[in-house]
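# Geometric and topological summary
Letter by letter, the chains look like this.
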Amino acid sequence: MKLLVATGMLLVLATGTARADNENCRKSREYLLGTPGGDLSLTPQTYNDLFKTCIATSAMPNVKDAYILRDGGIAVVPKQDSIPATAATLAQFCDAHPHVARMSSTASTPCKKIKGLS
């Protein structure tokens, strides 16, 4: 019985953490879609699709937080800010979203090049 209660509490805590991590994905999407004057780079549906990518990104092990950018990029705040950790996170992102990866917010780079496969 104690194991069942402990498992239930762990699930509640994990769900709360996931909800908190997704908060900035939601806030950035709402901000972009609520921008007056239609100053958007992409269609509203594209931002809604990016929201799903943002949520998946925020669940990655080394991602503390994630945001949707106006130009369609996904910005992340790492939990561990080191070159090896960043490289591993970028490789994981490329595996999960090979057509979304960007090295900067204005120019995209193919995942094969990022991972050194080309």
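The preceding data block contains the structure.
The structure reproduced in this document is the subject of the present report. (Residues numbered from 1 in each chain as written. Predicted model: local features only at pLDDT ≥ 70, side-chain atom pairs only at ≥ 80, totals over all residues. Heavy atoms only, no water.)

### Looking at the overall build of the chain
Along its length, the chain carries four helices and two strands. In sequence order, the secondary structure elements of the chain are arranged as α-α-β-β-α-α. Per element, the accessible surface of the chain, about 7,800 Å² overall, is 63% carbon and sulfur. (Helix = DSSP H or I, 4+ residues; strand = E, 2+ residues; numbered from the N terminus. Areas by Shrake-Rupley, 256 points an atom, 1.4 Å probe, with all protein chains shown as cover.)

### Considering the environment of P44
Summarising the element assignment, P44 is placed in helix α2 (residues 44-58). Between the alpha carbons of P44 and L32 there is a distance of 8.8 Å; along the sequence they are twelve residues apart.

### Some remarks on the pairing of strand β2 (residues 74-78)
Alignment of strand β1 (residues 63-68) against β2, held across five bridges, turns out to be antiparallel. Each bridged residue has a counterpart across the sheet, and for Y67 the counterpart in β2 is A75. Turn length for the β1-β2 hairpin, with the two strands adjacent in sequence and antiparallel, is five residues, and the turn residue G72 shows positive phi of about 100°. (Pairing = 2+ DSSP bridges.)

### With respect to the state of the cysteines
Counted by the stated rule, this structure contains one disulfide. Two residues, C25 and C54, share a disulfide whose sulfurs are 2.1 Å apart. Linking C25 and C54, the disulfide has an S-S dihedral of approximately -85° and is accordingly described as left-handed. With C25 in helix α1 (residues 2-33) and C54 in helix α2, this pair connects stretches of sequence that are 29 residues apart. Judged on exposure class, the residue C25 and its partner C54 are both buried. (Disulfide = S-S within 2.5 Å. Buried < 20%, exposed > 50% of the residue type's maximum accessible area, 1.4 Å probe, protein only.)

### Description of the nonpolar core
One finds C25, L32, Y47, L50, F51, C54, M60, V63, A66, I68, I74 and F93 forming the largest nonpolar core, which totals twelve residues. Of all the secondary-structure elements, those providing two or more residues to this core are α1, α2 and β1. At four residues, the largest contribution of residues to this core is made by α2. Those residues in contact with C25, other than ones at most four positions away along the chain, are F51, C54, I55, S58, A66 and I68. (Core = buried A, V, L, I, M, F, W, Y, C linked by side-chain atoms within 4.5 Å. Contact = heavy atoms within 4.5 Å.)

### Some thoughts on α2
A rise of 1.5 Å per residue sets the reference length of α2, with its 15 residues, at 21 Å; its end C-alpha atoms lie 21 Å apart and thus fit the reference within 8%. Taken together, the buried positions of α2 are Y47, L50, F51, T53, C54, T57 and S58. (Expected span 1.5 Å × (residues − 1).)

### Some words on the environment of N24
Following the sequence through the fold, N24 ends up in helix α1. Considering only alpha carbons, one finds N24 and Y67, 43 residues apart in sequence, at a separation of 5.8 Å. Within the local environment of N24, its side chain forms a polar contact with the side chain of D65, the two groups lying 2.3 Å apart. (Polar contact = N/O pair within 3.5 Å; in protein donor to acceptor, adjacent residues only side chain to side chain.)

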